[in-house]
Amino acid sequence: MDPIRNPYAPGAGQRPPELAGRDEQLDRFRVVLERIQRGRPERSMILTGLRGVGKTVLLNALRSTAVRARWGTGKYEARPEQGMRRPMAAALHVAVRELGHPQGDEVDHVLGVIKAFAQKDQPGAKLRDRWNPGIDAPAVTGRADSGDIEIDLVELFTDVGGLAADVGKGVAVFIDEMQDLGPEDVSAICAACHELSQSALPVIVVGAGLPHLPAVLSASKSYSERLFRYTRIDRLSREAAERALQAPAEDEDAEWAPDALEAMYVATGGYPYFIQAYGKEVWDLAPASPISAEDVRVAAPEAEAELAVGFFGSRYERATPGEREYLRAMAELAVQYAENGQEVDEVGSVATADIATHLDRKPQSLSPARDALLKKGLIYSGERGRIAFTVPHFGRYLRAQT
Ligand SMILES: Nc1ncnc2c1ncn2[C@@H]1O[C@H](COP(=O)(O)OP(=O)(O)OP(=O)(O)O)[C@@H](O)[C@H]1O
Ligand SMILES: [Mg+2]
């Protein structure tokens, strides 16, 4: 079928033609915004899930919802080794501008506080060498510039929240890849959210990250479990997966036959990235609408090849030989578990002790590889002593490799 009219969109953070199966989260977020605006108690929100389930896309959709409610919004992606001051300042700068507060001097004051917060990034630097977040207003001293990130973030949120309260709106900060925040920044975010919930200021943090993000937060502050509302973003139900495929096709006057939809669900497991990747290949190779199960079968090798390069391969490349050995051991063990009739949990995790046995190595000697893979976000530990892939179907990909 006409590749120019192909509606499917595989890609990191690529807006899907149809955001299927997320109505509940979007509706709930609207309620949260409305409640915060009215000074009702609400918790900040955290979305967690595997690679490619649609966390970034949902985060962006939530942001659009906040923008439509005329909130001030800002977003950034956390990176390991990067402190929070600059990206948080940049995000809040955008948010404050979006608020459209009518009083220039009040806005300038808060922008000055944001600037001071950002510039504390390089304590020793001379004034002219200091990084400027693009704020013209002069930095304000004595606010959010103590150098203690926890204190400073609380003051920053308080001032930004005050500005939002003036105009009867709120500010939402979206943080993607939140598991990559450094420990100090994590504890500052928790402390700031704790403070916000007590003072009923209209500021909310919405985070997205890998499945172990809740563990990262609670390791930092034990009260974090009560601070955030956790929502697990998962693969799509059969019905939602159908809509993700059918609705965009209908917009192009095409359709999927029922058996094709069935075949697609089997092939993709309902994982959004796989749905888009398969959808794209099948569309291009199918001779005509309606798309049939046979078309899916014919296109499957192409789709898998595309995934092997774009989705799996790009991640596998980032692992060193030692780390790859570790990953392969995980993949092989999962099969062994199944063969031995051992119980396998929902996420297909394996025991780290078994990996050592499998590779005939001392557990300590494998720690560096494991830690590096955790840091690269390729694996995660949801439960002590167990480890799982963050990438769905990664084990299958690795086993097909050799
Ligand atoms: N609800 C949905 N319906 C249909 N397609 C979706 C949905 N959510 C995401 N997608 C598609 O899935 C792909 C992955 O989405 P996204 O990049 O948001 O995932 P992610 O969870 O952020 O992944 P990562 O952990 O790698 O950052 C994109 O191509 C996107 O268009
Ligand atoms: Mg993402």
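Computed from a predicted model, the values in this text were never measured in an experiment. (Residues numbered from 1 in each chain as written. Chains lettered and ligands numbered in written order. Predicted model: local features only at pLDDT ≥ 70, side-chain atom pairs only at ≥ 80, totals over all residues. Heavy atoms only, no water.)

### Looking at the UniProt feature "domain: Cytochrome c" (unreviewed entry) in the chain
Threshold: UniProt positions are given in the numbering used here, feature names are shortened, and annotations may be inferred rather than shown by experiment. Working definition: helices are DSSP H or I runs of at least four residues, strands are E runs of at least two. Numbering for both runs from the N terminus.
In the numbering adopted here, UniProt assigns the feature "domain: Cytochrome c" (unreviewed entry) to residues 165-316. Between the first and last C-alpha atoms of residues 165-316 the distance is 47 Å; the span itself is 62% helix and 12% strand.

### Let's talk about the domain arrangement of the chain
For the record, the criterion: Note: domain ranges come from an automatic or database domain assignment. Throughout this description, the term salt bridge denotes a Lys or Arg side-chain nitrogen within 4 Å of a carboxyl oxygen of Asp or Glu. N or O atoms closer than or at 3.5 Å make up a polar contact, with two conditions inside protein: a donor-capable atom paired with an acceptor-capable one, and, for residues adjacent in sequence, both atoms drawn from side chains. Residue type decides the class: Asp, Glu, Lys and Arg count as charged, Ala, Val, Leu, Ile, Met, Phe, Trp, Tyr, Cys and Pro as nonpolar, and the leftover types, Gly among them, as polar.
For the chain, the domain assignment lists domain 1 (23-232), domain 2 (238-316) and domain 3 (321-401). Relative to domain 3, the C-alpha centre of domain 2 lies at a distance of 29 Å. Summed over the shared surface of domain 2 and domain 3, the result is 0 salt bridges. The tally of links from domain 2 across to domain 3 stands at 2 residue pairs in polar contact (both at pLDDT 80 or more). Taken together, the elements giving at least two residues each to the side of domain 2 that touches domain 3 come down to α10 (258-268) and α12 (293-316). For the side of domain 2 that touches domain 3, the element with the most residues is α12, which contributes 7 residues. For the side of domain 2 that touches domain 3, the per-class residue count stands at 7 nonpolar, 2 polar and 2 charged.

### Considering helix α16 (residues 394-401)
The condition is simple: Each residue is assigned to one of three classes by its accessible area relative to the maximum for its type, calculated with a 1.4 Å probe on protein chains only: buried under 20%, partly exposed between the two thresholds, exposed over 50%. This arc is built from the directions going out from the helix axis to the C-beta atoms.
Residues of α16 that are buried include every one of F394, G395, Y397 and L398, and no others. Buried residues along α16 cover an arc of 160° about the axis, so they all sit on one side.

### Here's the deal with the packing of aromatic side chains
Stated formally: Paired rings are identified among Phe, Tyr and Trp, the last through its six-membered ring, by centres lying within 6.5 Å, and are further divided according to the angle between planes into stacked (under 30 degrees), edge-to-face (over 60) and tilted (the rest). Cation placement over rings: the criterion is NZ of Lys or CZ of Arg within 6 Å of the ring centroid and within 35° of the ring normal.
Under the definition given, this model contains 14 aromatic pairs. Note on F228 and Y230: the rings are 6.2 Å apart at their centroids and 50° apart in plane angle, and the pair reads as tilted. The class of Y230 is partly exposed, set by a relative accessible area of 28%. With centroids separated by 6.0 Å and ring planes inclined at 45°, the aromatic side chains of F274 and F312 adopt a geometry described as tilted. Of this pair, F274 sits in helix α11 (residues 272-285) while F312 sits in helix α12, placing them 38 residues apart in sequence. With respect to class, F274 is no different from F312; both count as buried. Through pairs of rings, three or more aromatic residues link up here, namely Y271, Y273, F274, F311, F312, Y316, F389, F394 and Y397. Its end group placed over the ring of F117, R85 keeps NZ or CZ at 4.9 Å from the ring centre. A cation over a ring is seen here: R315 above F311, with NZ or CZ 4.9 Å from the ring centre.

### A word on the site of ligand 1
Operational definition: A molecule or strand has a residue near it when one of that residue's heavy atoms lies within 4 Å. In these tables, accessible area is a Shrake-Rupley quantity obtained with a 1.4 Å probe, and a residue counts as shielded only by the protein chains included in the view.
In the region of ligand 1, 27 residues are neighbours, and A9, G13, Q14, K55 and T56 sit closest. Within the backbone of E18, one N or O atom sits 3.3 Å away from a nitrogen atom of ligand 1. In isolation ligand 1 has 640 Å² of accessible area, and contact with the protein removes 97% of it. Contributions of two or more residues to the shell around ligand 1 are made by α2 (55-68) and α11. Of the residues in the shell around ligand 1, the class split is 13 nonpolar, 7 polar and 7 charged. Counting only domains with at least three residues in the shell around ligand 1, you end up with domain 1 (23-232) and domain 2 (238-316).

### Side note on the pattern of salt bridges
A side chain with one charge can pair with a side chain of the opposite charge if their charged atoms come near. The tally for this structure, following the rule as stated, stands at 22 salt bridges. A salt bridge links E252 to R5, with the shortest nitrogen-to-oxygen separation between them at 2.9 Å. Linking E252 in the loop between α9 (238-251) and α10 with R5 in the segment before α1 (23-37), this pair joins segments that are 247 residues apart in sequence. Between E294 and R297 there is a salt bridge, with its nearest N and O atoms 2.8 Å apart. Highlighted residues: E294 and R297, both in helix α12, separated by 3 residues, approximately one helical turn. Residue classification places R297 among the exposed residues on the basis of a relative accessible area of 55%. Taken together, the salt bridges that share partners define one network made up of R5, E252 and D253.

### Points about the nonpolar core
The tendency in soluble globular proteins is for nonpolar side chains to be buried side by side. Here is the rule we go by: Buried Ala, Val, Leu, Ile, Met, Phe, Trp, Tyr and Cys residues that are joined via side-chain atoms within 4.5 Å together make up what is termed a nonpolar core. Whether two residues are in contact is decided by their heavy atoms: any pair within 4.5 Å suffices.
Membership of the largest hydrophobic core comes to 81 residues, with the highest contact counts inside it found for F29, L62, W256, Y326, L327, I355 and F394. Ranked by the residues each element gives to this core, the list is headed by α12, at 8 residues. When near neighbours in sequence (up to four residues on either side) are disregarded, L327 contacts Y316, A319, L373, I379, F389, F394 and L398.

### Topic: a negative patch on the surface
Stated formally: Here, patches come from residues exposed beyond 30% relative accessible area and free of salt bridges, joined within 9 Å for like charges and within 5 Å for nonpolar side chains (Val, Leu, Ile, Met, Phe, Trp, Tyr). His is not counted, nor are the chain ends; Lys and Arg add positive charge and Asp and Glu add negative charge. Working definition for charges: the position is that of NZ of Lys, CZ of Arg, CG of Asp or CD of Glu.
Taken together, the side chains of D105, E106, D108, D136 and D166 make up a negatively charged region of the molecular surface. Counting through the fold element by element, D105 comes out in helix α4 (residues 104-119).

### Examining the environment of R235
Structurally, R235 is set in the loop between β5 (228-232) and α9. Given a relative accessible area of 42%, R235 falls into the partly exposed group. Along the primary structure R235 and G269 are separated by 34 residues, whereas in three dimensions their C-alpha atoms are 7.4 Å apart. In contact with R235, not counting residues within four places along its chain, are V53, G269, G270, Y271 and P272. Polar side-chain contacts of R235 include one of 2.8 Å to the backbone oxygen of G269.

### Structural notes on the state of the cysteines
Where we set the bar: Two cysteine sulfurs form a disulfide in these notes if their separation is within 2.5 Å.
Summed over the entire model, instances satisfying the criterion amount to 0 disulfides. Here C190 is not cross-linked by a disulfide; its sulfur's nearest cysteine counterpart is in C193, at 7.0 Å. Owing to a relative accessible area of 0%, C190 belongs among the buried residues under this scheme. Note on C193: relative accessible area 5%, which makes it buried.

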